[in-house]
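Spelled out, the chains give:
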Amino acid sequence: QKEVEQNSGPLSVPEGAIASLNCTYSDRGSQSFFWYRQYSGKSPELIMFIYSNGDKEDGRFTAQLNKASQYVSLLIRDSQPSDSATYLCAPYVGGGGSQGNLIFGKGTKLSVKP
Amino acid sequence: DGGITQSPKYLFRKEGQNVTLSCEQNLNHDAMYWYRQDPGQGLRLIYYSQIVNDFQKGDIAEGYSVSREKKESFPLTVTSAQKNPTAFYLCASSDWGNQPQHFGDGTRLSIL
C-alpha cells in the first residue's frame, strides 16, 4: 500500500512568516514530487514540483526533497492571507513501463492570519 | 486558451439512474485521469487512460465506467451500482510519464 502522510493541520501562521509544510511517503520508487494548492471548493492547482534531492526555489516557494528519508517539504516565505488553502503533496509512482500515477496525501490546511 | 473543461459544474442523480460527467482537454496530453474527492479527504483515483481506446482501473473503480474514443475526451459514467456517489469529481490530464497533472474545475454530484 503506497501511502502519503501529511499533517492535516490547520497550520496557522501570522502574515509575513514562513510556513513549513511537510510530507512523508512510503514508496521508495517515487521519482518526483508535486505540490498542489487547493482553495476551498476549488480544484487543485500545481504550484511546485521537484525531481532531485535538495532545494528548488520558485518565487516565495521552496520545495525540499530528501529521498533517503522519504521526506519532501514546501516552504512559503512571506506568507500572505491569500496563501490560506489546503496544500496537497503528490509523489509520482512509476508504472514499470506503463503510465504511472500520482498518489495524493490528504493535505495540510494552512491559515495565514493578517 | 489551453485547458481542461469539465461539465456540468453541478449534477443531481436520481435513484437507479446513470449519469455521465464530461471532460475535454485541448492541451494535447496523452494521459487523462478521473479522481473523486470527499469532504476533508484526499483525491482517490477512479480510472486513468494512457492512450486512446485504452484505460485502467484506479483504486475505486467499482460503480464507474469510462471510455476514451478521442484523445481530447474522457467521459466518466457514474452507474446506479455506485451506492454513495455524492462527491467532487475531478478530471486531470498530463503528458506521458513523469509529468505534472493539470486539473479541470470539477463537477459536484449529489443525490436527489
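The structure under discussion appears in the preceding block.
What comes next concerns the included structure. Bear in mind the structure is a predicted one, so any value in this text is a computation, not a measurement.

Things to note about the environment of Ser49 of chain B
All names here are of chain B.
No. 1: As for its position among the elements, Ser49 is in strand β5 (residues 43–49).
No. 2: A residue is classified by how much of its surface remains accessible, and Ser49, at 0% relative accessible area, is buried.
No. 3: Sequence separation between Ser49 and Lys71 is 22 residues; the distance between their C-alpha atoms is 9.6 Å.
No. 4: If we skip the residues at most four places from it in the chain, Ser49 touches Asp30, Ala31, Met32, Asp54, Phe55, Arg68 and Phe74.
No. 5: For Ser49, the side chain forms a polar contact with the main-chain oxygen of Ile51, separated by 3.0 Å.
No. 6: Reaching out from Ser49, the side chain makes a polar contact with the backbone oxygen of Asp54 at a distance of 2.6 Å.

Looking at the pattern of salt bridges
Residue and element names in this part refer to chain B.
No. 1: Considering all chains together, one arrives at six salt bridges over all chains under this definition.
No. 2: Residue Arg36 pairs with Asp38 through a salt bridge whose shortest N-O separation is 3.0 Å. Each member of the pair, Arg36 as well as Asp38, is classed as buried.
No. 3: The salt bridge partner of Arg44 is Asp38, with a shortest N-O separation of 2.7 Å.
No. 4: Since its relative accessible area comes to 37%, Arg44 is described here as partly exposed.
No. 5: Classification of Asp38 as buried rests on a relative accessible area of 14%.
No. 6: Via salt bridges that share partners, Arg36, Asp38 and Arg44 belong to a single interconnected network.

Structural notes on empty space enclosed by the protein
Residue and element names in this part refer to chain A.
No. 1: Applying the stated rule across the entire model yields one cavity of 30 Å³ or more.
No. 2: In this model, the largest cavity occupies a volume close to 30 Å³.
No. 3: Around the largest cavity, the lining residues are Lys2, Glu3, Val4, Tyr25, Ser26, Asp27, Ser30, Pro91, Val93 and Ile103.

Focus: the layout of surface pockets
No. 1: Considering only enclosed or pocket space, the second largest pocket measures out at about 580 Å³ in volume.
No. 2: In this structure, the second largest pocket is lined by 28 residues; those nearest its centre are Gln38 and Gly41 of chain A together with Gln37, Pro39 and Gly40 of chain B.
No. 3: Along the lines of polarity and charge, the residues of the lining of the second largest pocket split into 11 nonpolar, 12 polar and five charged.

Comments concerning the sheet that holds strand β7 (residues 64–66) of chain B
The strands making up a sheet are joined through hydrogen bonds of the backbone, oriented either antiparallel or parallel.
Residue and element names in this part refer to chain B.
No. 1: Pairing is antiparallel across the open sheet formed by four strands, whose spatial order is β1-β3-β8-β7. Taken across any chain shown, the strands that pair with only one partner, and hence form the sheet edges, are β1 (4–7) and β7. Neighbour to neighbour, the strand axes of the sheet diverge by 20° on average, direction disregarded.
No. 2: Pairing of strand β3 (residues 19–25) with strand β8 (residues 76–78) involves three bridges; the strand directions are antiparallel. Across the sheet, residue Leu21 finds its bridge partner in β8, namely Leu76.

A word on the interface of chain B and chain A
One frequent convention defines the size of an interface as the accessible area lost when the parts assemble.
No. 1: Each side of the interface is counted separately: chain B has 25 residues, and chain A has 22 residues.
No. 2: Around 1,800 Å² of area is buried between chain B and chain A when both sides are counted, 51% of it from carbon and sulfur atoms.
No. 3: Counting the contacts that link chain B with chain A gives zero salt bridges.
No. 4: There are six residue pairs in polar contact (both at pLDDT 80 or more) connecting chain B and chain A.
No. 5: Of all the elements in the fold, those that place two or more residues in the side of chain B that touches chain A are β4 (31–37), β5, β9 (87–94) and β10 (102–103) of chain B.
No. 6: Broken down by element, the side of chain B that touches chain A gets its largest block of residues, four residues, from β4 of chain B.
No. 7: Among the residues making up the side of chain B that touches chain A, the classes are represented as 11 nonpolar, 11 polar and three charged.

Here is what the cut-offs are and how they apply
- Residues numbered from 1 in each chain as written.
- Chains lettered and ligands numbered in written order.
- Predicted model: local features only at pLDDT ≥ 70, side-chain atom pairs only at ≥ 80, totals over all residues.
- Heavy atoms only, no water.
- Helix = DSSP H or I, 4+ residues; strand = E, 2+ residues; numbered from the N terminus.
- Buried < 20%, exposed > 50% of the residue type's maximum accessible area, 1.4 Å probe, protein only.
- Contact = heavy atoms within 4.5 Å.
- Polar contact = N/O pair within 3.5 Å; in protein donor to acceptor, adjacent residues only side chain to side chain.
- Salt bridge = Lys/Arg side-chain N within 4 Å of Asp/Glu carboxyl O.
- 1 Å grid on protein atoms, 1.4 Å probe; cavity = no way out; pocket = protein on both sides within 12 Å on 5 of 7 lines; lining within 4 Å.
- Points joined across faces, edges and corners; volume = space filled by probe spheres on them.
- Nonpolar A, V, L, I, M, F, W, Y, C, P; charged D, E, K, R; others polar.
- Pairing = 2+ DSSP bridges.
- Axes fitted to C-alpha atoms, helices over the stretch in contact; angles between N-to-C directions.
- Buried area = accessible area lost by both parts, 1.4 Å probe.

Remember that the coordinates give geometry; whether it matters functionally is a separate question.
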